[in-house]
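Now for the letters of each chain:
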Amino acid sequence: MSFILSFEPLALEPREHAEAGGFVSFEGKVRNHAQGRSVILLEYEAYPEMATAQGNELVEEAMERFGLLDARVAHRLGTLNIGDTAVVVQAAAAHRREAFEACEWIMDQIKWRVPIWKRETYADGVSEWVHAGSAPAEPHSDQIRFERQMRLPQVGDVGQTNLQNARVLLVGVGGLAAGSLPPLVGAGIGAIGLVDADLVELSNLHRQTLFASSDAGRQKVERAAAFAKRLRPAIEVETHFEALSETNATRLVDSFDWVLDGTDSLDTKFLLNEVCRKLGKPLVTASVHQFEGQIMTILPDGPCLQCLFPEVPPDHCVGTCATSGVLGVVPGILGAMQANEVIKGILGLPTLDRQLALVDLLTLDVTRLERIFNPKCPICSGSERSSALEWDLQHLPTFDFDLIDIREIDEQPNLKRPHQRIPMTSCYEQTFVRPTVFVCATGRRSFRLAANLRAAGNRHVFSLLDGLCNPALK
Amino acid sequence: MVRVNIRYFAVLRERRGLSEEQIETSAATIGECVNQLVVEHRLGLPVSLIRVAIGTDFADESTPVQEGMQLLLIPPVAGG
């Protein structure tokens, strides 16, 4: 048993693990005050069968999540005095960080998931039952929580139900998400998905205010999920500690109703645009630069991002937060505007569909431009990439050429034909004098590369259609 | 020569070092006009990656340049 309930004072001896470099033992104590009132006595009560089952389940989850060697929890029941130990959580791991993180995570989860209640007796003789964790999930608490917005005729019961049935995916959990996540959770969105492969860094914190200084080095998705759960424990949160790519995009986007692009990569923005278009998902995309931002809402039946920019621009050409700098409040405001777009969209209110808003936060000028369908858009023009553009080769050419695999160095399998490997980003720094055919996993990256190099005046570059799946390479 | 107002956004504003200016140009089309600015000020983006709007509407690069036009130069933006 990893989760023990006990009416006796807790005594949990650490178990020895030769591989453990870190062992953390946390004790939760009975303190003499709660929400400004003086506490003299505490009483814990549980629904023991369910509490033990839930408790064991979450300890197992922690073992897997943090790669622990051991984890145990003991929780007191019955009457406790000030200073008594109410709960002990122990975690052993190869390294200290996992052990610390696991202890905190387990403690949070106990409060949210395990049915244990406490009765606080105050100095004035009054006593009250309170849930050991956050607000109890009573049906009427939502009524109070959302009262102020349900008062709006545009929201009401129906609008609130629609918000609570909605599933919203945030791709990129950085500065934009710091602006969009709190109001989305606050508004009662039913489920949030978070996708990001980054860890929190100190240089993020001036704009990514979902995180605390102590979060440095931890997964952004996991810390953002903890933030969302603190704000509204009933919310469903799904975390994906991975970067959006051609391989996982469809799987990640498919189960959501709305998608927010909070990434800082043009490549990802255009990929997300293409995937959302294919799956018929509305997308709110935003980007920031120094003191300004761009935002647009792309509905399945309106013009898309590539109608605006038919050619996918290479990532390094337009500056980033790291190279050009950004005031921390700018992504916060643009992110909040993204949340506003999603909430309005769910409520059936007007959005930035078919528009592009340019937001200048130095002057507070907002310029709105009408976006229209563009016949040059490879996604919306209805023309297949292969027939529209001559350099998307169906077969390997008969003339003499160089074959270059532009996938990242660690991507498998290797090509069977003689070739060079130059990752896509490095290709932009090279001049290709001889006729050159680029190949990637699916033909998408190589096509963009060839298109961009052609736009820059290089006439001898080609992309192999369907990449590794092209029969010529089998 | 005609006078045209130019507004720069995002990385173009940064590279040009100002938000707005009035220029005199001999360019026949707005595409040519933007290309001249890209070359003269080393804006670092090909014309094909810059969208141009006249007033509040996007315009094709073949649109003829006219006296007093207000051109908005909008590049893609990546930061998040």
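Nothing here was measured: the structure is a model prediction, and the numbers come from that model.

**Focus: the sheet that holds strand E7 (residues 85–93) of chain A**
Residues and elements named next belong to chain A.
Argument step 1. Strand order in the open sheet formed by four strands is E1-E5-E7-E2, and the pairing between neighbours is mixed. Whereas interior strands pair on both sides, the edge strands pair on one side only; in this sheet they are strand E1 (3–6) and strand E2 (22–29). Shown here is a sheet whose adjacent strand axes are inclined to one another by a mean of 10°, direction ignored.
Argument step 2. As paired elements, E2 and E7 share eight bridges and run antiparallel to each other. Counted as the bridge partner of Gly 28 is Val 87 from E7.
Argument step 3. Along the sheet, helix H1 (residues 48–66) contacts E1 and strand E5 (70–76); its crossing angle with E1, the most-contacted strand, is approximately 145°.

**Some remarks on the side chain of Lys269(A)**
Argument step 1. Considering the arrangement of structural elements, one finds Lys269(A) in helix H9 (residues 266–279).
Argument step 2. Side chain to side chain, Lys269(A) and Ser287(A) meet in a polar contact 3.1 Å long.

**A few points about the packing of helix H5 (residues 156–165) of chain A against helix H12 (residues 329–347) of chain A**
When two helices pack together, their arrangement is given by the angle between the helix axes and by the axis-to-axis distance.
Residues and elements named next belong to chain A.
Argument step 1. Axis separation between H5 and H12 bottoms out at 9 Å; the angle between their running directions is 120°. In terms of axis orientation, H5 runs oblique to H12. Two packed elements cross with a definite hand, and for H5 against H12 that hand is right-handed. Contacts between H5 and H12 involve Gly 159, Asn 162 and Leu 163 from the first element and Ile 343, Ile 346 and Leu 347 from the second.
Argument step 2. In terms of residue class, the contact of H5 with H12 is made up of four nonpolar, two polar and no charged.

**Observations concerning the interface of chain B and chain A**
Often, the extent of an interface is quoted as the loss of accessible area on bringing the components together.
Argument step 1. Contacts between the two partners involve 26 residues from chain B, matched on the other side by 38 residues from chain A.
Argument step 2. Interface area for chain B against chain A, summed over the two sides, is near 2600 Å², with a carbon-plus-sulfur share of 59%.
Argument step 3. Here chain B and chain A share two salt bridges between them.
Argument step 4. Arg13(B) serves as the salt-bridge partner of Glu292(A), at 2.7 Å between the closest nitrogen and oxygen.
Argument step 5. The interface formed by chain B and chain A holds 14 residue pairs in polar contact (both at pLDDT 80 or more) in total.
Argument step 6. Counting only elements with at least two residues in the side of chain B that touches chain A, the list comes to helix H1 (10–16), strand E3 (51–54), strand E4 (57–58) and strand E5 (70–74) of chain B.
Argument step 7. Here the element with the most residues in the side of chain B that touches chain A is H1(B); it accounts for five residues.
Argument step 8. The residue makeup of the side of chain B that touches chain A, split by class, is 13 nonpolar, six polar and seven charged.

**What about the environment of Thr285(A)?**
Residue and element names in this part refer to chain A.
Argument step 1. Its location among the elements puts Thr 285 in strand E14 (residues 283–289).
Argument step 2. The class for Thr 285 is buried, based on a relative accessible area of 5%.
Argument step 3. Note: C-alpha distance between Thr 285 and Ile 298 (13 residues apart in sequence) is 7.7 Å.
Argument step 4. In this view, Thr 285 contacts Asp 261, Lys 269, Gln 294, Ile 295, Met 296, Ile 298 and Gln 338; residues no more than four positions away in its chain are not counted.
Argument step 5. Among the polar contacts listed, one links the side chain of Thr 285 to the side chain of Asp 261, at a separation of 2.4 Å.

**A word on the domain arrangement of chain A**
All names here are of chain A.
Argument step 1. With domains assigned, chain A is organised as domain 1 (3–131), domain 2 (139–370) and domain 3 (385–473).
Argument step 2. Summarising the inter-unit geometry, the C-alpha centres of domain 1 and domain 2 are found 35 Å apart.
Argument step 3. Taken together, the two surfaces of domain 1 and domain 2 that pack against each other cover about 610 Å², and 49% of this comes from carbon and sulfur.
Argument step 4. For domain 1, the biggest contributors to the area lost against domain 2 are Arg 97, Glu 101 and Trp 112; these three give 63% of the whole.
Argument step 5. Counting across the interface, domain 1 meets domain 2 through two salt bridges.
Argument step 6. Linking domain 1 to domain 2 there are three residue pairs in polar contact (both at pLDDT 80 or more).
Argument step 7. Broken down by class, the residue content of the side of domain 1 that touches domain 2 amounts to two nonpolar, no polar and four charged.

**Some words on the packing of helix H2 (residues 96–113) of chain A against helix H7 (residues 220–231) of chain A**
All names here are of chain A.
Argument step 1. Between H2 and H7, whose axes approach to 12 Å, the crossing angle comes to 30°. As the angle between them shows, H2 and H7 are arranged roughly parallel. Crossing of H2 against H7: the hand is left-handed. In this structure, H2 contributes Glu 104, Trp 105 and Trp 112 to the contact, and H7 contributes Glu 222, Arg 223, Ala 226, Lys 229 and Arg 230.
Argument step 2. Here the contact of H2 with H7 is built from residues that sort into three nonpolar, no polar and five charged.

**A look at the packing of aromatic side chains**
Residues and elements named next belong to chain A.
Argument step 1. Applying the stated criterion across every chain, the model contains two aromatic pairs over all chains.
Argument step 2. Between Phe 66 and Trp 105 the ring centres are 5.8 Å apart and the planes differ by 65°, which places this aromatic pair in the edge-to-face class. Highlighted residues: Phe 66 in helix H1 and Trp 105 in helix H2, separated in sequence by 39 residues. Exposure class is identical for Phe 66 and Trp 105. Each is buried.
Argument step 3. Between Phe 432 and Phe 438, the ring centres sit 5.2 Å apart and the planes meet at 80°, which makes this aromatic pair edge-to-face.

**A few points about empty space enclosed by the protein**
Argument step 1. Applying the stated criterion across every chain yields a total of three cavities of 30 Å³ or more.
Argument step 2. Considered as a void within the structure, the largest cavity measures approximately 100 Å³ in volume.
Argument step 3. Taken together, 13 residues make up the lining of the largest cavity; nearest its centre are Ser287(A), Gln294(A), Met296(A), Leu305(A) and Val77(B).
Argument step 4. The set of elements that each furnish at least two residues to the lining of the largest cavity consists of H9, E14 and strand E15 (292–298) of chain A.
Argument step 5. There is about 50 Å³ of room inside the second largest cavity.

Rules of the game
- Residues numbered from 1 in each chain as written.
- Chains lettered and ligands numbered in written order.
- Predicted model: local features only at pLDDT ≥ 70, side-chain atom pairs only at ≥ 80, totals over all residues.
- Heavy atoms only, no water.
- Pairing = 2+ DSSP bridges.
- Helix = DSSP H or I, 4+ residues; strand = E, 2+ residues; numbered from the N terminus.
- Axes fitted to C-alpha atoms, helices over the stretch in contact; angles between N-to-C directions.
- Contact = heavy atoms within 4.5 Å.
- Polar contact = N/O pair within 3.5 Å; in protein donor to acceptor, adjacent residues only side chain to side chain.
- Parallel < 35°, antiparallel > 145°, perpendicular 65-115°, else oblique.
- Left-handed = near helix turned anticlockwise from the far one by under 90°.
- Nonpolar A, V, L, I, M, F, W, Y, C, P; charged D, E, K, R; others polar.
- Buried area = accessible area lost by both parts, 1.4 Å probe.
- Salt bridge = Lys/Arg side-chain N within 4 Å of Asp/Glu carboxyl O.
- Buried < 20%, exposed > 50% of the residue type's maximum accessible area, 1.4 Å probe, protein only.
- Domains from an automatic or database assignment.
- Phe/Tyr/Trp six-rings, centres within 6.5 Å; stacked < 30°, edge-to-face > 60°.
- 1 Å grid on protein atoms, 1.4 Å probe; cavity = no way out; pocket = protein on both sides within 12 Å on 5 of 7 lines; lining within 4 Å.
- Points joined across faces, edges and corners; volume = space filled by probe spheres on them.

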